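Notes for the structure review
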Number of protein chains: 2
Amino acid sequence: MDTYRKPQPEAEAPVVCRSCEARHGGLCSALTASQLIELNKHSFRKQIGCGNEVIGQGESVGTYSNILKGVIKLSKMMADGRQQIVGLQFAPDFLGRPFQSESTMTAEAATDMEICCFPRNVVDRMLNEVPEFERRLHSQSLKELDEARDWMLTLGRKTAQEKVASFLYLIATHIDPEEGDQQNFDLPLSRADIADFLGLTIETVSRQMTKLRKEGVITIENNRHVSVSRLEQLRQAAGIDSDW
Amino acid sequence: MDTYRKPQPEAEAPVVCRSCEARHGGLCSALTASQLIELNKHSFRKQIGCGNEVIGQGESVGTYSNILKGVIKLSKMMADGRQQIVGLQFAPDFLGRPFQSESTMTAEAATDMEICCFPRNVVDRMLNEVPEFERRLHSQSLKELDEARDWMLTLGRKTAQEKVASFLYLIATHIDPEEGDQQNFDLPLSRADIADFLGLTIETVSRQMTKLRKEGVITIENNRHVSVSRLEQLRQAAGIDSDW
DNA sequence: CGCTAGCTTGACCGGACTCAAGTGGTGTGG
DNA sequence: CCACACCACTTGAGTCCGGTCAAGCTAGCG
């Protein structure tokens, strides 16, 4: 049971942000309580069903948002339909692209999810007023850049086996603690999505999963639920050397 | 011949920055003349020979720099020696990673080059004092992120032929105007580098170049010099659809 | 019960890799 | 000036990994 709330004239975060704030190593932690209140006036939460498009390729974007729950897949598609997932985003990542109203990718809910939306103009104004706010966004961009480049190594130079192991390792280390731990989790992506993320086909993904299972690195239940016996073994299968 | 310099008490950019400034759609254009003077006190230019390492993987970095001339390749290497180039940087790109003293990649001169170096602490201080400065860096990070993700599509989903065409298209559209134009340029990378950038082997790169040559898309002289007859043809071979 | 969607498995194929030899341009020493 | 070595690149032959195509399996659901 929560302690009784003493009224305080200023500097009290909006009710809706309270339980949320904890997770926010994310964006909102850059704001003071009064700034949060200001932002909160214009923001709204939204449930999104698995598979729904959040931002379309070439679409203009009117809102930014924070991911509260679930996983977003960012993907690019070629004219002939070939597709590549170029990033996954987890809570509490920020979703949206400052300084550019048009998206060059599609953002789609990989799972059922909940997001917190902010109108573009409000955020853009805050960007100019609160340097720490831009610092946070910059910092997330750099994190995404690192991840993208790590994945380029995976896409360009790893074998199918290593790719699949790398994916499992990525999920194991990024899973929302509420939904599993590093030894035991549900895959947020279908085989088709995994294939698009790894630059492989569904069949190859499936075969390599089977292989990892037979080698005792993982066990699989109901197609989606994965257990990892020793994470170190998975790292190794992924070709990740701990020294770096 | 330059016009004679009238002394002005303030607001005059350092001599060394003058000819440079023109190119700087880059970082320094975010600074006022007096800020430039301040930064310039601690900065120095440096020539780097082709193949030299600028920042090593896992090394700590004491300086940032601007690229004045030449091409930097950013690469990652696996424990067994497999290598992937994860980015190319051209003048006037900024080189270095704020908020993190240790690099997760190697930065190496792909060509002979010239850079302008700034001590880390001076830049970090300016980052805090000049919001526009951070805005610029943020903006470049976002540009690099877009490029990385575009390349992920290339690495994950394109054929060898399309990869090589994509590379040639990239160079054609990024080449320093002083060193060539979109129809006619020297490749800044060796076949080995191209292979590492595309996630292919040297042999495959070579074969696909030959194929593009025989199909009349390009002509090659002295291994390095490339002429493109119709850029549109190259785009097409690269699987790039103009609609996006 | 059968239908469908998502996944697995099998057989075969082909594109990119491997290994090896050949070519050409450049620098060096006799 | 030629002989030679060296390096970067090209070309060829054979192999293999991952793609393609097709069939089978399983769980959920009308």
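Quantities reported herein were computed from a predicted structural model and do not represent experimental measurements.

Okay, the interface of chain A and chain B next. Taken together, the contact between chain A and chain B spans 48 residues of the former and 48 residues of the latter. A combined buried area of about 4,500 Å² lies between chain A and chain B, and 58% of that area is made up of carbon and sulfur atoms. For chain A, the biggest contributors to the area lost against chain B are Arg149, Met152 and Arg157 of chain A; these three give 18% of the whole. Linking chain A to chain B there are twelve salt bridges. Here glutamate 162 of chain B ties to arginine 82 of chain A by a salt bridge, and the two come within 2.8 Å at their closest N and O atoms.

Another point: the packing of helix 5 (residues 160-174) of chain B against helix 6 (residues 191-198) of chain B. All names here are of chain B. Look at helix 5 against helix 6: their axes get within 10 Å of each other, and the N-to-C directions meet at 110°. The pairing of helix 5 with helix 6 is recorded here as roughly perpendicular in orientation. Across the interface between the two elements, Lys163, Val164, Phe167 and Leu170 from helix 5 touch Ile194, Phe197 and Leu198 from helix 6.

This part takes up the protein's contact with DNA strand D. Thr204 and Arg207 of chain A together with Ser206, Arg207 and Thr210 of chain B are the nearest of the 17 residues found near DNA strand D. For DNA strand D, the fraction of atoms within 4 Å of the protein that belong to sugar or phosphate moieties is 62%. Contacts to DNA strand D include threonine 201 of chain A, whose side-chain N or O atom sits 3.2 Å from a phosphate oxygen. A distance of 3.0 Å is found between a base nitrogen of DNA strand D and a side-chain nitrogen or oxygen belonging to glutamate 203 of chain A. At the level of elements, helix 7 (202-214) of chain A together with helix 7 (202-214) of chain B are the ones that each hand at least two residues to the surface near DNA strand D. Here the surface near DNA strand D gets five residues from one element, more than from any other, and that element is helix 7 of chain B. Classifying every residue of the surface near DNA strand D gives three nonpolar, eight polar and six charged.

Analysis parameters
Residues numbered from 1 in each chain as written. Chains lettered and ligands numbered in written order. Predicted model: local features only at pLDDT ≥ 70, side-chain atom pairs only at ≥ 80, totals over all residues. Heavy atoms only, no water. Contact = heavy atoms within 4.5 Å. Buried area = accessible area lost by both parts, 1.4 Å probe. Salt bridge = Lys/Arg side-chain N within 4 Å of Asp/Glu carboxyl O. Axes fitted to C-alpha atoms, helices over the stretch in contact; angles between N-to-C directions. Helix = DSSP H or I, 4+ residues; strand = E, 2+ residues; numbered from the N terminus. Parallel < 35°, antiparallel > 145°, perpendicular 65-115°, else oblique. Near = heavy atom within 4 Å. Polar contact = N/O pair within 3.5 Å; in protein donor to acceptor, adjacent residues only side chain to side chain. Nonpolar A, V, L, I, M, F, W, Y, C, P; charged D, E, K, R; others polar.

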